[in-house]
Amino acid sequence: VGAFITPNRVGEFPYRAMFLPSAWRVSAVALGVVGSLTQMMLISIVGIPSLSVLSGLLPSFEWGNTIIRVLVLMILMCIACVGVACLNSTQRLWREFIMALQSLGYSGAVKVLIFTLGRYLVFSAQFWLMLEFCGVSLSLMQALLAIPAYYFLVTFTPSVNVAELAVRGSWAVIALSPFTDN
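Residues numbered from 1 in each chain as written. Predicted model: local features only at pLDDT ≥ 70, side-chain atom pairs only at ≥ 80, totals over all residues. Heavy atoms only, no water.

Asker: Would you explain the side chain of S44 in this entry?
Answerer: If you trace the backbone, S44 turns up in helix α2 (residues 25-57). With relative accessibility at 13%, the residue S44 sits in the buried group. What S44 contacts, discounting residues up to four positions off in sequence, is P49, F152 and F156. (Helix = DSSP H or I, 4+ residues; strand = E, 2+ residues; numbered from the N terminus. Buried < 20%, exposed > 50% of the residue type's maximum accessible area, 1.4 Å probe, protein only. Contact = heavy atoms within 4.5 Å.)

Shown next as structure tokens:
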């Protein structure tokens, strides 16, 4: 419910943490944020090169404007986080948050990255199989371009859950159109 009623599902972490004992809540939110940031980093690392190649196949696609919007969104998110961190009422929570991140350590961060990569590969394979099931056939190379570009576009597009289906459908048309008429 917390993810559904908030834009871009930002309420998911605090909502899930509400059901944990109070001593674990800040750590749960911190580790959830680490997982999400790792996922966004991986989607960016794979998606930006895919989108740059895909944009060459789409003459009307405005690659530069999309990247500028994503960067502005990321900067605004960072400014908002710094602003919230500076509030006196949240400084204790931020200290607990940082301590939870430090307890993760290097080996924990590597594990998170490996699990995130595995999750990304599973979701990509499922998406490819779903496309095949729906009659949209892509070769392996086409899928390696279209699916990461699609995930990148969907990840960094602000949305409200009511309109999310239309947003996802629009990006799917852009990412898949060079390879299929379906």
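Once you've had a look at it, read on.
Asker: What is the right way to look at the packing of aromatic side chains in this model?
Answerer: Working definition: an aromatic ring pair is given by the centre-to-centre distance plus the angle between the planes. As enumerated under the stated definition, the model contains 4 aromatic pairs in all. On the basis of an interplanar angle of 65° and a centroid distance of 5.8 Å, the ring pair of Y120 and Y151 is categorised as edge-to-face. One end of the pair, Y120, is in helix α4 (residues 91-133); the other, Y151, is in helix α5 (residues 140-155), with 31 residues separating them in the sequence. Judged by relative accessible area, Y151 falls into the buried class, the value being 16%. Between F127 and Y151, the aromatic rings sit 5.9 Å apart at their centres with planes inclined by 40°, giving tilted as the arrangement. Taken as a pair, F127 in helix α4 and Y151 in helix α5 lie far apart in primary sequence, 24 residues in all. (Phe/Tyr/Trp six-rings, centres within 6.5 Å; stacked < 30°, edge-to-face > 60°.)

Asker: Please clarify how the confidence of the model for the protein chain should be interpreted in this entry.
Answerer: Reading predicted coordinates in detail is not appropriate for stretches of low pLDDT. For the protein chain, per-residue confidence averages 78 on the pLDDT scale, and residues scoring 70 or more make up 79% of the total. Ranking the elements of the protein chain by mean pLDDT puts helix α1 (residues 12-17) last, at 69, and α5 first, at 90. (pLDDT = per-residue confidence, 0-100.)

Asker: What should I look at first to understand α5 in this one?
Answerer: Note on helix geometry: an α-helix contains 3.6 residues per turn, so any two residues three or four positions apart are oriented the same way. Compared with the 22 Å implied by 1.5 Å per residue over 16 residues, the 22 Å span of α5 between its first and last C-alpha is a close match. Of the residues making up α5, those classed as buried are A143, L145, A146, I147, P148, A149, Y150, Y151, F152, L153 and V154. (Expected span 1.5 Å × (residues − 1).)

Asker: Before we go on, may I ask you to explain the nonpolar core in this structure?
Answerer: Most often, soluble globular proteins keep nonpolar side chains buried together rather than apart. Residues Y150 and Y151 are the most contacted members of the largest nonpolar core, which totals 25 residues. Those elements giving two or more residues to this core turn out to be α2, α4, α5 and α6 (164-176). Top element by residues in this core is α5. It accounts for 10 residues. Setting aside chain neighbours within four positions, we find Y150 in contact with F127, R168, W171, A172 and A175. (Core = buried A, V, L, I, M, F, W, Y, C linked by side-chain atoms within 4.5 Å.)

Asker: I keep staring at the packing of α4 against α5 and nothing clicks. Help me out?
Answerer: Relative orientation and spacing of two packed helices are given, respectively, by the angle between their axes and the distance between those axes. Their axes nearest at 10 Å, the elements α4 and α5 cross at an angle of 115°. When the axis of α4 is compared with that of α5, the two are roughly perpendicular. When the axes of α4 and α5 are compared, the crossing they make is right-handed. Packed against α4, whose contacting residues are Y120, F123, S124, F127 and W128, the element α5 presents L140, A143, I147, P148, Y150 and Y151 at the interface. (Axes fitted to C-alpha atoms, helices over the stretch in contact; angles between N-to-C directions. Parallel < 35°, antiparallel > 145°, perpendicular 65-115°, else oblique. Left-handed = near helix turned anticlockwise from the far one by under 90°.)

Asker: What's the story with the packing of α2 against α4 in this structure? I'm lost.
Answerer: The contact between α2 and α4 brings their axes to 8 Å, and the two run at 40°. As the angle between them shows, α2 and α4 are arranged oblique. Pair α2 / α4 crosses with right-handed handedness. Grouping the amino acids of the contact of α2 with α4 by side-chain chemistry returns 19 nonpolar, 5 polar and 2 charged. (Nonpolar A, V, L, I, M, F, W, Y, C, P; charged D, E, K, R; others polar.)

Asker: How do you make sense of a nonpolar patch on the surface when you look at a structure like this?
Answerer: A cluster of nonpolar side chains, namely V72, I75, L76 and I79, defines an oily patch on the protein surface of about 390 Å² accessible area. Relative to the elements of secondary structure, V72 occurs in helix α3 (residues 63-86). Judged by relative accessible area, V72 falls into the partly exposed class, the value being 43%. (Patch = residues over 30% accessible without salt bridge, like charges linked within 9 Å, V, L, I, M, F, W, Y side chains within 5 Å. Areas by Shrake-Rupley, 256 points an atom, 1.4 Å probe, with all protein chains shown as cover. Salt bridge = Lys/Arg side-chain N within 4 Å of Asp/Glu carboxyl O.)

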